[in-house]
Amino acid sequence: MTSDIKETTAKEPLNFIEEIIENDIAEGKNDGRVHTRFPPEPNGYLHIGHATTIFLNFGLARKYNGLCNLRYDDTNPVTEETEYVDSILEDVRWLGFEPDNIFYASDYFGQLYEFAVQLIQKGAAYVDDSTAEEIAALKGTPTEAGQPSPYRQRSVEENLRLFEGMKNGEFPEGSRVLRANIDMASPNMIMRDPVLYRIKFAHHHRTGDEWCIYPMYDMAHGQSDSIERITHSICTLEFAPHRELYDWLIEQLGIFPSRQYEFARRNFSYTVVSKRKLLKLVQEGFVNGWDDPRMPTISAMRRRGFTPSALREFSRRIGIAKRENLVDLGLLEFCVREDLNKLSKRVMAVLNPLKLVITNYPEGEAEWLETENNPEDPESGIRLLPFSRELWIEQDDFMEDPPKKFFRLSPGQLGRLKSAYIIQADEVVKDGEGNITELRCTYFPESKSGQDTSGLKPKATLHWVSAAHAIPAEVRLYDRLFMVEDVDDDPRDFKDLLNPDSLVVIENAWLEPSLADALPGEYFQFIRMGYFTPDTDSKPGKPIFNRTVTLKDAWAKIAQKG
């Protein structure tokens, strides 16, 4: 297992899982081994919550010189697809990890079936003909004991025969299940004879039509851990009630005693991480697929321009807890900004263009000016930028009748063009409806950046591109997917809470020519505008850039006003 993600150098306090592991090592448990696993169900794309779990499981294995398996929990053929299997592995590798082993729960279908037979043989499981509704009705309530199924007293021989018949496809779907024979009066509702196997006539993405019975989560989870000799099986807190069944099954079968530990799942502001809800957004067309950059999926964040190291730092900062809490998405965006500030090449792009003509610059001429690539990285060097008589600047950088503290261009006002010259706004040209279509300026040749002898002191520096050299581009401005902070806590339908401005498409942006060959996975700061990356939809001659994050947290101001 390898990672190119840098470790933090400062010694940090142990989280409670690390304390458990270090205590186990000190006591010589499992011969000092640490073996974890990441067991996603391939029924959707991984999201930000999965990313933090990946960092936890793979990170623990790396820290303690152990192993970490990737195991696909593919026990429900109805919802699983090869597309999801491929995307999961891609995400794990993009985050910087290579699994020590790649397994599937379906690898163990034969062994799990034999485990079920063993349970039947010792009277610890039985075949039940009750319907799902009848099973639920007999289960009781948290304050009232359940009632035994009328099929609970079947003989071992009959149960073995019926279970084999289930495997051989002799009974219709839903007609029979295999249940554990535990305690219908248990205070833990999960221990009231849970279902272990059900009949499903569905094509499996790996085993095809070989099986028509499939193990439930509890039948597959602990036993798969045991087969792989997992020492620390780390789950989120909703699986804590399942731990008793996890231990019971391992004890009944007499197999390697893997241990389950739970930590609190994270909920995130301004988004949802429920696969059911995310699937609805995809299927009903509210977003353009699982990797739509507004989605909280890892593939979407990769496409939007987030970095693995920023996600790792975010995961480190939120830590591991025993109580659920709402994590501020602003913290993730902060980590992304911090990382991109170090990585991103500074470039110029004009999103809402206004033509600027320098009337005293020679027509038909151009010069190439030096500009720095990244002031945060002295090794990044410089590049040459074309400058000519006609430029594009941002419409917002000029006001004909400005308020008092507007320091950008206005009639008679000076402004510096980044890495170029100081100019003065002289005249505006308008169309028939009074809209400004062109700004006429003069420049001061002696004010060239790095060689300025003009003595002029403009109060603002503006970005620009040469109109003769700029390349046209589409720019997609992405923002938070939802308008409210805690979507899951809001009583309204979550689809009614979607942010109508989560995507704004600018079709007529102009970029400096160095961006013509930019590729997805490269990071740029559009000076004064934000951090951007090429989208996977980009084509030669038609670049498309996604805004990763703004330069500052605009949502913090909105929340304060609210």
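Above this text sits the structure in question.
This section reports on the structure supplied with the text. (Residues numbered from 1 in each chain as written. Predicted model: local features only at pLDDT ≥ 70, side-chain atom pairs only at ≥ 80, totals over all residues. Heavy atoms only, no water.)

Side note on the overall build of the chain
Tallying secondary structure elements over the chain gives 13 helices and 27 strands in all. In terms of overall size, the chain is more extended than a compact globule, its C-alpha atoms giving a radius of gyration of 31 Å where 562 residues would be expected to give roughly 24 Å. Here the C-alpha coordinates of the chain stretch approximately 100 × 55 × 45 Å along the principal axes. Each of the 562 residues in the chain was classed as buried or not, and the buried ones make up 52%. In the chain, the proportion of contacts linking residues at least 24 apart, taken out of those at least 6 apart, comes to 71%. Carbon and sulfur atoms form 48% of the exposed surface of the chain, whose accessible area is close to 25,800 Å². Positive and negative side-chain charges of the chain, numbering 67 and 91 respectively, have mean locations separated by a distance of 4 Å. (Helix = DSSP H or I, 4+ residues; strand = E, 2+ residues; numbered from the N terminus. Rg over C-alpha atoms; globule rule 2.2 N^0.38 Å. Buried < 20%, exposed > 50% of the residue type's maximum accessible area, 1.4 Å probe, protein only. Contact = heavy atoms within 4.5 Å. Areas by Shrake-Rupley, 256 points an atom, 1.4 Å probe, with all protein chains shown as cover. Lys, Arg positive; Asp, Glu negative; His and termini not counted. Charge placed at Lys NZ, Arg CZ, Asp CG, Glu CD.)

Brief notes about the side chain of arginine 176
For arginine 176, the location among the structural elements is in the loop between helix H6 (156–167) and strand E5 (177–180). Take arginine 176: its relative accessible area is 16%, and that puts it in the buried class.

Let's talk about H6
Look at H6: 16 Å from first C-alpha to last across twelve residues, which is about the 16 Å you get at 1.5 Å a residue. All of the buried residues along H6 are Asn159, Leu162, Phe163, Gly165 and Met166. An end-on view of H6 places all buried positions within 155° of arc, on one side of the element. Set apart from the buried face of H6 by more than 90 degrees, the exposed residues are Glu157 and Arg161. Glycine 169 lies just past H6 and shows a positive phi near 75°. (Expected span 1.5 Å × (residues − 1). Arc of directions from axis to C-beta.)

Side note on the environment of glutamate 244
Here glutamate 244 shows up in helix H8 (residues 243–253). Its relative accessible area of 41% is what places glutamate 244 among the partly exposed residues. Each C-alpha atom of the pair glutamate 244 and proline 540 lies 58 Å from the other, and the pair is 296 residues apart in sequence. Discounting residues that sit within four places of it in the chain, glutamate 244 has contacts with Asn188 and Met191. At 3.1 Å, the side chain of glutamate 244 forms a polar contact with the side chain of asparagine 188. (Polar contact = N/O pair within 3.5 Å; in protein donor to acceptor, adjacent residues only side chain to side chain.)

Overview of the packing of helix H7 (residues 217–227) against H8
It is the contact of H7 with H8, at a shortest axis distance of 9 Å, that shows an interaxial angle of 65°. When the axes of H7 and H8 are compared, the crossing they make is right-handed. Residues Asp218, Met219, His221, Gly222, Gln223 and Asp225 of H7 form the contact with H8, whose participating residues are Leu245, Tyr246, Leu249, Ile250 and Leu253. The residue inventory of the contact of H7 with H8, partitioned by class, reads six nonpolar, three polar and two charged. (Axes fitted to C-alpha atoms, helices over the stretch in contact; angles between N-to-C directions. Left-handed = near helix turned anticlockwise from the far one by under 90°. Nonpolar A, V, L, I, M, F, W, Y, C, P; charged D, E, K, R; others polar.)

So, the pairing of strand E2 (residues 67–72)
The buried fraction of E2 amounts to five of the six residues, a majority that puts the element mostly inside the structure. With four bridges connecting them, strand E1 (residues 35–38) and E2 associate as parallel partners. The residue of E2 that forms the bridge with histidine 35 is leucine 67. This β-α-β element, E1 to helix H2 (residues 48–63) to E2, shows right-handed connectivity. (Pairing = 2+ DSSP bridges. Right-handed = clockwise from strand over helix to strand, strands pointing away.)

What to know about the side chain of threonine 75
When you line up the elements, threonine 75 lands in the loop between E2 and helix H3 (82–94). If near-sequence neighbours (up to four positions away) are discounted, threonine 75 is found in contact with Glu80, Ala105, Phe109, Arg198, Tyr214, Pro215 and Ala220.

Brief notes about the nonpolar core
Core analysis: the largest hydrophobic core is formed by 37 residues, its most contacted members being Ile48, Ile54, Leu95, Ile298, Leu311 and Leu332. Leu112, Tyr113, Leu162 and Leu253 belong to the second largest nonpolar core, which has 35 residues in total. (Core = buried A, V, L, I, M, F, W, Y, C linked by side-chain atoms within 4.5 Å.)

Considering H3
Over its 13 residues, H3 extends 18 Å from the first C-alpha to the last, a length consistent with the 18 Å expected when each residue adds 1.5 Å. Every buried residue of H3 is accounted for by Tyr84, Val85, Ser87, Ile88, Leu89, Asp91, Val92 and Trp94. After H3 finishes, the residue glycine 96 shows a positive phi value of roughly 110°.

Quick notes on the sheet that holds strand E12 (residues 345–347)
What the seven strands build is an open sheet, ordered E12-E25-E26-E27-E23-E24-E13; its pairing is mixed. Because the sheet does not close on itself, it has two edges, and the strands there are E12 and strand E13 (349–350). Sheet analysis places E13 next to strand E24 (residues 503–511), joined by two bridges and oriented antiparallel. Paired with alanine 349 across the strands is leucine 511, a residue of E24. Each of E12, strand E25 (524–526), strand E26 (530–534) and strand E27 (544–549) touches helix H12 (residues 329–343); the most contacted strand, E27, lies at about 120° to it.

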